[in-house]
Amino acid sequence: MQPLPIDDTLPALRKALAARPNVVLHAPTGAGKTTRVPLALLNEPWLAGQRIVMLEPRRLAARAAARHMAALVGETVGATAGYRTRFDTRVGAGTRIEVVTEGVLTRLLQHDPELSGYGIVIFDEFHERSLQADLGLALALDVQGSLRPELRLLVMSATLPGARVAAFLGDAQIVSSAGRSFPVEIQYLGGGSKPTTPARTAAAVERAVTEQPGGVLVFLPGAAEIRKTAGLLAKRLPREAMLTPLYGALPPAEQDKAISPAPAGRRKIVLATNIAETSLTIEDVRVVVDCGLTRVARFEPKSGMTRLVTARIARDSADQRAGRAGRVAPGVCYRLWTEAEHARLPATSTPEILEADLAPLLLELARWGVSDPADLRWLDPPAAAACAQARELLIALDALTDDGRLTGHGRALSDMPAHPRLAHMIARAESLGCGATACAVAALLAEQDVLSAGGRTADLQPRLEALAGTNAAVPVIHSRLDRVRKSARELRRGGMKDTGIDASQIGLLTAFAYPDRIAQRRPGAAPRYQLANGRGACFAAPEALSNAPYLAVAALDGDPREARIFLAAAFDAADLEAHFAEHIAAHDVVRWDTQAGAVVARREYRFGALLLRDEPLQQVDPDEITTVLTDGIRRAGSAALPWTPALRQWQQRVLFLRRAVGVEWPDIEDATLIATLDDWLAPYLAGISRLSQLETIPLHHALNALLTPAQQRELDTLAPSHITVPTGSRIAIDYGPDNPVLAVRLQEMFGCDATPVIAGGRVPLTVHLLSPARRPVQITRDLAGFWRSSYRDVKKDMKGRYPKHPWPDDPLAAEPTRRTKRRQ
């Protein structure tokens, strides 16, 4: 057995696990921890012949680890060492080491909360911080704390800060190992506007092949970029170069080919996602080309949608990737960014639990008997908003009760190896006799798209027809179609009858999985939709589906303004009424219709935010009508009230007294009146539901009621509407926002030397003395002073213009008049 750095650490690790239940092992990339540690613990006294279960983040790594350990002890997989993955299990009665993927560990815990027969749970590559790893650790800690205090937990990581994890585990001991790595030279190839396009990556690979010996490992964000880069490199590399893709959706045989040694005389170039970042040793690699990107799923609680985004990797991931070049010999890492950009990268990746869809997590917790995630211990607690969103979804899927308890249906969903949405779809479909079709739809939605790029459409039905073999004209990628068929068969396990695929059911089945994304076409020419969750959606490009009045949407982006629909199926409104009746709610709605200027009372039948139908509401609380009407008046503004000029004058008189006499006079500015409609106008609105009917209300009485009886009596005395001038004419006073104005022809004030006053003598009127043409010739608040001084100049100017009107030399001695000299 070839010596590895971890070998020197194994005695200290055994001693630590013998002394305490929880230990953290820090071992850099290449130390050998994944395969050497489980074998080293097999005969420990505290294990007492029990099994070891090791959680491995990826299926490829789980299979490779089990095979390598089996080879080290000269056995086949399934003897001492075996593995369990989602649809592939290789364990036997004598298996002592089980390498499992994340969902499998959760299943083991749920079916046997004591984890009987297992002495230790090992969390390998815990620094990746997957959601299932965090869940597995939380459940294992709960088991250890309540049922099995002797259960050992070992957290192994290459980059995670050990002190934080050790403190979280209850002051666990940290054991550190050296790594086995050779020096790796880092070359920064610089950034650019699009530094990670397949063209730039391919150019970097060509350079690496030319400049360096050995195999090349190329990190790309996803399968699409792998295919494009491979296409560019196929005719540009030397003949001995062998291109091998490596990503999660590849068949196991293809994955094994990528990690196996290259045939004699060949040079391997592995194009991989971050599946190759940790756990695996890929033979012959001496060079790494890193584009610096990864594909991550980010959940948005506001939209209820998960979207795949391409994001920059963190520095710890960059270090992990670079380390792959130094596993077998000194190597080189080409980074497609600058050294300055590298310094700005985040130190570590964000844990998945802080960004993921938490519906599967909450379903598992409910099955565990926990309705509040805070009842368990988490290295990073899940976000409250995402938990609330997940809980709402599970309630809508009938998996949880309103108080968060697991229903019988929810227990059935948690037994299925699928997201709760897809599991709910399969369960509902099976009760309708179309379970096999639902499994096919679930496989289509869970796997990569089977349509080739040239025939890409948002309509799910052609995909299902291609799977059923009823539409040979659909352009498909056959390798993916085969994979979907296999997944569908796996989902049908458990005695479900293979009733064949009925593509006509795809709309209903998709709606079962995504009830919150049932969509209704909005009125208008543009093909836009309203989702049941309240958000808007549209197609990214013209689609035949755009004419469908209802859709069930399976995939769309998280655009907050209007999401783009990527996958959907036409949906029949009759199916909505038939199969979602328990979620269709009748709402009595009394609302304001701005366009009609009236209160509208309807009984609306809604599915979420979708209005399915409505009818007139026969009986409505009069008080509710009044409340809505007053709100409508507020929206329309004070101009909606039936003002008359006399009422406006009355309003100004009261406001004048508030300014001149005191605040005991009410504030009846328009803004105040509108804000207090409920207090003064509502009693007069009985029997009224439209703005046009406001003409019938006694607005003067309503406003006058704002004054006390004493103020009502004093109003005409303190702020008269008119004043009698020397000719006997009653002239209206203009109560504007400033001082009240008396506008009167100059001749009508002859003989008057006292300026008229109001407000009990407190406020002299501003007198606008008018010409015979009723234009102001003088504005004064001192009438006696005007006669003594300014009158002479006015007389000189006006006498020539208006010779028919009297302009006496002594206006105080003259007779006031409304007439010309002749008429006098």
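Our structure's up above, just so we're on the same page.
Residues numbered from 1 in each chain as written. Predicted model: local features only at pLDDT ≥ 70, side-chain atom pairs only at ≥ 80, totals over all residues. Heavy atoms only, no water.

Visitor: For this particular structure, what's the right way to read the pattern of salt bridges?
Guide: Enumeration according to the criterion identifies 37 salt bridges in this entry. The salt bridge partner of Glu-128 is Arg-58, with a shortest N-O separation of 2.9 Å. On the criterion of sequence distance, the pair formed by Glu-128 in the loop between strand E6 (118-123) and helix H5 (131-146) and Arg-58 in the loop between strand E2 (51-55) and helix H3 (59-72) is long-range, its members being 70 residues apart. A relative accessible area of 26% places Glu-128 in the partly exposed class. Between Glu-577 and Arg-613 there is a salt bridge, and its shortest N-O distance comes to 2.7 Å. (Salt bridge = Lys/Arg side-chain N within 4 Å of Asp/Glu carboxyl O. Helix = DSSP H or I, 4+ residues; strand = E, 2+ residues; numbered from the N terminus. Buried < 20%, exposed > 50% of the residue type's maximum accessible area, 1.4 Å probe, protein only.)

Visitor: I tried to follow the nonpolar core on my own but got confused; where do I start?
Guide: If you look at soluble globular proteins, the nonpolar side chains tend to sit buried side by side. With 59 residues, the main nonpolar core has Ile-633, Trp-680, Leu-681 and Leu-746 as its most contacted residues. With 6 residues, the top contributor of residues to this core is helix H22 (residues 645-660). Ignoring sequence-local partners within four residues, the contact set of Leu-746 consists of Leu-769, Leu-770, Val-777, Phe-786, Trp-787, Tyr-791, Val-794 and Trp-807. By size, the runner-up hydrophobic cluster in this structure holds 58 residues, among which are Ala-138, Ile-353, Leu-394 and Leu-413. (Core = buried A, V, L, I, M, F, W, Y, C linked by side-chain atoms within 4.5 Å. Contact = heavy atoms within 4.5 Å.)

Visitor: Explain the sheet that holds strand E31 (residues 776-780) to me, please; I cannot follow it from the model alone.
Guide: To summarise the sheet geometry, strands pair through backbone hydrogen bonds and adopt either a parallel or an antiparallel arrangement. Taken in spatial order, the 5 strands line up as E25-E26-E27-E30-E31 in an open sheet, and their pairing is mixed. In the strand order of this sheet, the two ends are held by strand E25 (722-724) and E31, each with one partner. The average angle at which neighbouring strand axes cross in this sheet is 30 degrees, direction not considered. One ladder, built from 3 bridges, connects E25 with strand E26 (residues 730-734); its direction is antiparallel. Counted as the bridge partner of Thr-724 is Arg-730 from E26. (Pairing = 2+ DSSP bridges. Axes fitted to C-alpha atoms, helices over the stretch in contact; angles between N-to-C directions.)

Visitor: What's the story with unusual backbone geometry in this structure? I'm lost.
Guide: Most peptide bonds adopt trans geometry, and most residues besides glycine take a negative phi value. For Ala-48, which is not glycine, the phi dihedral falls at a positive 50 degrees. Residue class for Ala-48 comes out exposed when judged on its relative accessible area of 61%. With a phi close to 50 degrees, Leu-115 is a non-glycine residue in the positive phi region. For Leu-115, a relative accessible area of 1% gives the class buried.

Visitor: I'm lost on the side chain of Thr-294 in this one. Help?
Guide: Within the element layout of this structure, Thr-294 appears in strand E14 (residues 293-300). For Thr-294, a relative accessible area of 10% corresponds to the buried category. At a separation of 3.2 Å, a polar atom in the side chain of Thr-294 contacts the side chain of Asn-274. Non-local contacts of Thr-294, meaning those with residues more than four positions away in its chain, are made with Pro-221, Asn-274, Val-309, Thr-310, Ala-311, Ile-313 and Arg-321. (Polar contact = N/O pair within 3.5 Å; in protein donor to acceptor, adjacent residues only side chain to side chain.)

Visitor: Mind showing me how you'd approach the pairing of strand E13 (residues 285-290) here?
Guide: Along any regular strand the residues' side chains alternate between the sheet's two faces. The element E13 is extensively covered by neighbouring structure, given that 5 of its 6 residues are classed as buried. As defined by bridge partners, strand E10 (residues 215-219) adjoins E13 across 5 bridges and the pair is classed as parallel. If you follow Gly-215 over to E13, its bridge partner there is Val-285. Where E13 and strand E16 (residues 331-335) come together, 4 bridges link them in parallel fashion. Bridge pairing links Val-289 to Tyr-334 in E16.

Visitor: Looking at this structure, how should I read the environment of Ala-544?
Guide: Mapped onto the elements, Ala-544 comes out in the loop between strand E19 (536-539) and strand E20 (550-556). Taking the C-alpha atoms as reference points, Ala-544 and Pro-417, 127 residues apart in sequence, are found 34 Å from one another.

Visitor: Hey, could you run me through helix H15 (residues 420-431) in this one?
Guide: An α-helix turns once per 3.6 residues; consequently, residues spaced three or four apart project the same way. Between its first and last C-alpha atoms H15 spans 17 Å; for 12 residues at 1.5 Å apiece the expected length is 16 Å, and the two agree. For H15, the tally of buried residues reaches 10 of 12 residues, placing the bulk of the element in the interior. Residues Pro-420, Arg-421, Leu-422, Ala-423, His-424, Met-425, Ile-426, Ala-427, Arg-428 and Ala-429 constitute the buried set of H15. Looking one or two residues beyond H15, the residue adopting positive phi is Gly-433, at roughly 85 degrees. (Expected span 1.5 Å × (residues − 1).)

Visitor: How should empty space enclosed by the protein be read in this particular structure?
Guide: The gaps left among the atoms become clear once a water-sized probe is rolled over them. Throughout the structure, instances matching the rule amount to 4 cavities of 30 Å³ or more. Space inside the largest cavity adds up to approximately 60 Å³. The wall of the largest cavity is formed by Arg-745, Gln-747, Glu-748, Pro-772, His-805, Thr-817, Arg-818 and Arg-819. Among the residues forming the lining of the largest cavity, the class breakdown is 1 nonpolar, 3 polar and 4 charged. (1 Å grid on protein atoms, 1.4 Å probe; cavity = no way out; pocket = protein on both sides within 12 Å on 5 of 7 lines; lining within 4 Å. Points joined across faces, edges and corners; volume = space filled by probe spheres on them. Nonpolar A, V, L, I, M, F, W, Y, C, P; charged D, E, K, R; others polar.)

Visitor: Explanation requested: the environment of Thr-85 in the structure shown.
Guide: If you trace the backbone, Thr-85 turns up in the loop between strand E3 (81-84) and strand E4 (89-90). Ignoring sequence-local partners within four residues, the contact set of Thr-85 consists of Arg-59, Ala-62, Thr-101 and Val-104.

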